[in-house]
Amino acid sequence: KNGHEEKVLEKIWADWEKFASYAFNKSHATCYSWVAYQTAYLKCHYETEYMTALMNSFLGTPDKLLGYIGYLNRKKIKILPPDINRSQAKFSVENGAIRFGLSALKQVGDVINEVIAEREKGEFTDFEDFIERCAAWINKGLVESLILSGCFDFTGIARSRMVLGYDALAKNAVAKRKRQSSGQMSIFDISPEAQKMSRTELPDIPEYDHRTRLALEKERT
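What you see is a predicted model; the values in this text were computed from it and never measured.

1. A closer look at a nonpolar patch on the surface
- Among the surface-exposed residues, Val8, Leu9, Ile12, Trp13 and Trp16 lie close enough to one another that they form a single nonpolar patch of about 540 Å² accessible area.
- On the secondary structure map, Ile12 appears in helix α1 (residues 6-20).
- Judged by relative accessible area, which is 36%, Ile12 ranks as partly exposed.

Below is the structure:
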């Protein structure tokens, strides 16, 4: 009617039909563009904080996290390893770096919040102190993930010794709790000096070789 070619009009109509399957009105598009501008601003000026929040939104998606960690390495943004006395449940910003979140470790789960609540009463002094204070919530899978990812490296004890010695420590911790709940306290439960003497000795075995240590670490993160 207006003198346009039919072929051109059919092409425009076909394009419209395709676009209509994912089209936004102006108000919707404006909101999207505003959010895009805000996130771009944050990424440009607060990249460490931005990436921390982004990684926390993908805690249950290891492949995504690996991609973001690769990006951080390229950008020279330091990623601090998991630490039972420093890490939060989620990734967190620490002195301009990103501290690995404990919830991102395999076999950890929500119970880690109970562990962190216990830690807020006072940092864990060593591996045995952690077992004794958290025996009510933890299990072997969780503890091995913490050990093999490096959460107890600050103790200077070989990861292999902690993995092999966990069962004995857990058994003693449970027995001690039962004695305390029943009122059958011994001198070893009361005296700090005696407690030191009664501490469980971890197996005297060598640390994993470097390749094995890295492989086990990768399995848990």
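2. Considerations on unusual backbone geometry
- For Lys76, which is not glycine, the phi torsion reads 65° and is therefore positive.
- In this structure, Lys76 sits in the loop between α4 (62-74) and β1 (79-80).
- A positive phi angle, close to 55°, is found at Asn95, a residue other than glycine.
- Structurally, Asn95 is set in the loop between β2 (92-94) and β3 (97-99).
- We classify Asn95 as exposed; its relative accessible area is 80%.

3. Side note on the packing of aromatic side chains
- As enumerated under the stated definition, the model contains seven aromatic pairs in all.
- Between Phe127 and Phe152 the ring centres are 5.0 Å apart and the planes differ by 75°, which places this aromatic pair in the edge-to-face class. Here Phe127 is found in helix α6 (residues 127-134), whereas its partner Phe152 is found in the loop between α7 (140-148) and α8 (159-182), with 25 residues between them in sequence. Summarising the burial analysis for this pair, Phe127 and Phe152 share the class buried.
- The structure contains a cluster of three or more aromatic residues connected by ring pairs, namely Phe124, Phe127, Phe130 and Phe152.

4. Considerations on α4
- In this model α4 runs 18 Å from its N-terminal to its C-terminal C-alpha over 13 residues, within 8% of the 18 Å that 1.5 Å per residue would give.
- Buried residues along α4 sit against α2 (26-45), α3 (47-56), β1 and β3.
- Following α4 by one or two positions, Lys76 has its phi on the positive side, about 65°.

5. Topic: the nonpolar core
- One finds Ile84, Phe130, Ile131, Ile138, Val143, Leu146 and Phe152 to be the most contacted residues of the largest nonpolar core, which totals 43 residues.
- Elements with a minimum of two residues in this core: α3, α4, α5 (112-119), α6, α7 and α8.
- Here the element with the most residues in this core is α8; it accounts for six residues.
- If we skip the residues at most four places from it in the chain, Ile131 touches Ile138, Val143, Tyr166, Leu169, Ala170 and Ala173.

6. Describing α7
- The element α7 is largely enclosed, with a buried count of eight among its nine residues.
- Where α7 is concerned, the buried positions are Gly141, Leu142, Val143, Glu144, Ser145, Leu146, Ile147 and Leu148.
- Positioned one or two residues after α7, Gly150 has a phi angle of 100°, which is positive.

7. Notes on the environment of Ile84
- In this structure, Ile84 sits in the loop between β1 and β2.
- Put simply, Ile84 and Asp153 are 69 residues apart on the chain and 9.3 Å apart in space, counted from C-alpha to C-alpha.
- For Ile84, the contacting residues outside a window of four places in its chain are Leu102, Val115, Arg119, Phe124, Phe130, Leu146, Cys151, Phe152 and Phe154.

8. Brief notes about the layout of surface pockets
- Here the largest pocket is characterised by a volume of approximately 430 Å³.
- Leu66, Ile69, Phe100, Glu217 and Thr221 are the residues nearest the centre of the largest pocket, which is lined by 17 residues in total.
- Of the residues forming the lining of the largest pocket, the biggest block, four residues, is contributed by α4.
- Of the residues in the lining of the largest pocket, the class split is twelve nonpolar, two polar and three charged.

9. Re the packing of α5 against α6
- Interaxial distance between α5 and α6 falls to 10 Å at its minimum, and their mutual angle equals 110°. Overall, the two elements α5 and α6 adopt an arrangement that is roughly perpendicular. As for the relative orientation of α5 and α6, their crossing is right-handed in sense. For the pair α5 and α6, the contacting residues are Val115, Glu118 and Arg119 in the first and Phe130, Arg133 and Cys134 in the second.
- Among the residues making up the contact of α5 with α6, the classes are represented as three nonpolar, no polar and three charged.

What counts, and where the lines are drawn
Residues numbered from 1 in each chain as written. Predicted model: local features only at pLDDT ≥ 70, side-chain atom pairs only at ≥ 80, totals over all residues. Heavy atoms only, no water. Patch = residues over 30% accessible without salt bridge, like charges linked within 9 Å, V, L, I, M, F, W, Y side chains within 5 Å. Areas by Shrake-Rupley, 256 points an atom, 1.4 Å probe, with all protein chains shown as cover. Salt bridge = Lys/Arg side-chain N within 4 Å of Asp/Glu carboxyl O. Helix = DSSP H or I, 4+ residues; strand = E, 2+ residues; numbered from the N terminus. Buried < 20%, exposed > 50% of the residue type's maximum accessible area, 1.4 Å probe, protein only. Phe/Tyr/Trp six-rings, centres within 6.5 Å; stacked < 30°, edge-to-face > 60°. Expected span 1.5 Å × (residues − 1). Contact = heavy atoms within 4.5 Å. Core = buried A, V, L, I, M, F, W, Y, C linked by side-chain atoms within 4.5 Å. 1 Å grid on protein atoms, 1.4 Å probe; cavity = no way out; pocket = protein on both sides within 12 Å on 5 of 7 lines; lining within 4 Å. Points joined across faces, edges and corners; volume = space filled by probe spheres on them. Nonpolar A, V, L, I, M, F, W, Y, C, P; charged D, E, K, R; others polar. Axes fitted to C-alpha atoms, helices over the stretch in contact; angles between N-to-C directions. Parallel < 35°, antiparallel > 145°, perpendicular 65-115°, else oblique. Left-handed = near helix turned anticlockwise from the far one by under 90°.

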